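Results of the structural survey
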Amino acid sequence: MREYIDAAAFKEMILCAEAALHANIQAINDLNVFPVPDGDTGTNMSLTIQTAAAELKKNQPATVSDAASITASALLRGARGNSGVILSLLFRGISKHLKGMDEADGVLLAAAMKEGVATAYSAVMKPAEGTVLTVSRLAADRAVQAAEECNSVEYVLQEAIHKGLETLEETIEMNPVLKKAGVVDAGGKGYLVILDGMLRALRGEAIPEVTEEKAESKADFSSMSQEEITFTFDTVFIVRKWENTSIEPLRAYLSSIGDCLVIGEDDEAFKVHVHTDIPGCALTEAQKYGTLELAKIENMRTQYEAVAAGKKAQSTDDLDAVEEELERMESEPAVAPAEKRYGFLAVCAGEGLATAFRDLGVDRIVSGGQTMNPSTEAILQEVNRTPSEVVFILPNNKNIIMAAQQCAGLTEKQVIVVPTATVPQGITAMMNADLEQEDPQALADAMTEAASAVTTAQVTYAARNSEFDGFAISEGDYLALENGKLFGTDRSIDPLLSKLAEDAKSRGAEFVTIFFGEDVTEADAAKTESIFAAACPDAEISVLSGGQPVYYYVISIE
């Protein structure tokens, strides 16, 4: 049984841990319920430890102290998400305790693990039970006991893992959110995968291949809701510290404006993870303590909506595509001169829908909608590029209306928001835009009144099991919505379309416009047209390719 580790052994342990975590990314992601069900804990922890592995591969540390220091420093700068920051803190404490040591025995490693836990707890303002903190704390406690029984690094790790696994199984009862979702803590599992990889390196064992998690071991996201997101922005940044500067006042300030606060710190820099509604204030305050080096801000609410709709949540990892779009936009004037009195801007997703709006006279399109809500800044950029004195904004989604309204006062152009909640409402509003009307507010009122007479139906799919409005929904079910409310569910799409057609008939529909999405064939769209034509023989039925994602059909009923 291995009693001591040196620099080479510590390096190999981290490299092995990185491989083990990488192999288990999906299994860990499937357990994720914090802060939103976007399954990123395994990804964040893996990307975090990858930075340490990459740094160690470039160096040949002479002592276990050097190896631990390189690891901790790399983890701090590479930490992603709450789980990644906590992981970096656990190893920061280990590094502090191993400082100046050529090698480490079981007693020293156990004490280092204990200090790692203390470091992590001191950085988290409101530590919750049933998380990686609990798992690491009890594992470290057992490591200290084990070191007294047998002063061996291998034995210490073995016993710490055994205790950690016992604790992991208990996390489901410790934490209400985990119990509600029916899973153990994802971060705790990730940490134990790392310890197991380190132990396997000591024993010279191969990393096992990842196995699929049992279905019941995956989180039931039907129990989660967007309301559980208290603060909107997941904010992470690194600041290079000024000498002799205490960041305790910053810790208190950040705690007052958000939650999930974790601060990792070494002698040169500190890294902050916090959820807040005012990330700009957090960054400004942090610059009183040093030089801001790097920042990442992500909107958790829009990420939640994307995942709930079965799409990939946007993150800062997608910035290359964003930069390409910015380069295109930079070739256009930042503020277009007013060539006319009235101009129009619409928010929508899908080239077919964008074409429909352009054909009706809309000047600028902002990409977004059900699964991606554009920022005020994104809308404002297009407002400024609209060549008119007055710009009418059609948000076409209730979640975008307030963002659009913020544009007023941020530009020299007069901005009026027509509060359209759906694309069909926006199209009807445009069809009733009287450009001869001299009073812009009167024009907006008329457009709003016309839009309110539209009934909007949408057909999509269930991304997960749920119970909603009295409906028992299974993943993969087709869902029909009417004016934003659940209208019906079925395992087949045709019965839902027939029910919507009958409802259109009962409403005395005179005009029905069917926009079919990117996943619908023209043959299927023609079949849908025939269903509505049969139910509403006196109505004028139009079928157009909307090209919208996620929603098979967006239907306007007037």
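All values derive from a computational prediction rather than experimental measurement.

1. Details of the sheet that holds strand 8 (residues 414-417)
Spatial strand order, 6-5-7-8: four strands in an open sheet with parallel pairing. Only two strands of the sheet have a single partner each, and these edge strands are strand 6 (364-367) and strand 8. Taking the axes of each pair of neighbouring strands and ignoring which way they run, one obtains an average angle of 25° across the sheet. Pairing of strand 7 (residues 388-394) with strand 8 involves four bridges; the strand directions are parallel.

2. What about the nonpolar core?
Counting residues in each nonpolar core, the largest one holds 68 residues, and the members touching the most others are Ile5, Leu98, Met113, Ile194 and Met198. Here this core takes 10 residues from helix 10 (residues 186-203), the largest share from any one element. Leaving out residues up to four positions away in the same chain, leucine 98 has contacts with Phe10, Val64, Ser65, Ala68, Ala104, Leu108 and Ala112. Residues Tyr342, Val362, Ala444 and Tyr551 belong to the second largest nonpolar core, which totals 27 residues.

3. Here's the deal with the packing of helix 6 (residues 106-123) against helix 7 (residues 132-149)
The interhelical angle for the contact between helix 6 and helix 7, taken along N-to-C directions, is 155°, at an axis separation of 8 Å. One finds that helix 6 runs roughly antiparallel with respect to helix 7. Considering the relative orientation of helix 6 and helix 7, their crossing is left-handed. Of the residues in helix 7, those in contact with Gly106, Val107, Ala110, Met113, Lys114, Val117, Ala120 and Tyr121 of helix 6 are Leu133, Thr134, Ser136, Arg137, Ala140, Asp141, Ala143, Val144 and Ala147.

4. Details of the side chain of asparagine 175
Within the secondary structure layout, asparagine 175 lies in the loop between helix 8 (153-174) and helix 9 (176-181). In terms of polar contacts, asparagine 175 uses its side chain to reach the backbone carbonyl oxygen of glutamate 129, at 3.2 Å.

5. What about empty space enclosed by the protein?
Scanning the entire structure with this criterion turns up two cavities of 30 Å³ or more. The space that makes up the largest cavity amounts to roughly 50 Å³. What lines the largest cavity is simply Ala72, Leu76, Ser88, Leu89, Arg92, Gly264, Glu265 and Asp266. Those elements that provide at least two residues to the lining of the largest cavity are helix 4 (64-78), helix 5 (81-98) and strand 2 (258-265). Ranked by the residues each element gives to the lining of the largest cavity, the list is headed by helix 5, at three residues. Grouping the amino acids of the lining of the largest cavity by side-chain chemistry returns three nonpolar, two polar and three charged. One number sums up the size of the second largest cavity: a volume of about 40 Å³. Around the second largest cavity, the lining residues are Phe10, Ile94, Leu109, Met113, Leu157, Leu195 and Met198. Looking at the lining of the second largest cavity, the elements with two or more residues in it are helix 6 and helix 10. Residue composition of the lining of the second largest cavity, by class: seven nonpolar, no polar and no charged.

Cut-offs used in this document
Residues numbered from 1 in each chain as written. Predicted model: local features only at pLDDT ≥ 70, side-chain atom pairs only at ≥ 80, totals over all residues. Heavy atoms only, no water. Pairing = 2+ DSSP bridges. Helix = DSSP H or I, 4+ residues; strand = E, 2+ residues; numbered from the N terminus. Axes fitted to C-alpha atoms, helices over the stretch in contact; angles between N-to-C directions. Core = buried A, V, L, I, M, F, W, Y, C linked by side-chain atoms within 4.5 Å. Buried < 20%, exposed > 50% of the residue type's maximum accessible area, 1.4 Å probe, protein only. Contact = heavy atoms within 4.5 Å. Parallel < 35°, antiparallel > 145°, perpendicular 65-115°, else oblique. Left-handed = near helix turned anticlockwise from the far one by under 90°. Polar contact = N/O pair within 3.5 Å; in protein donor to acceptor, adjacent residues only side chain to side chain. 1 Å grid on protein atoms, 1.4 Å probe; cavity = no way out; pocket = protein on both sides within 12 Å on 5 of 7 lines; lining within 4 Å. Points joined across faces, edges and corners; volume = space filled by probe spheres on them. Nonpolar A, V, L, I, M, F, W, Y, C, P; charged D, E, K, R; others polar.

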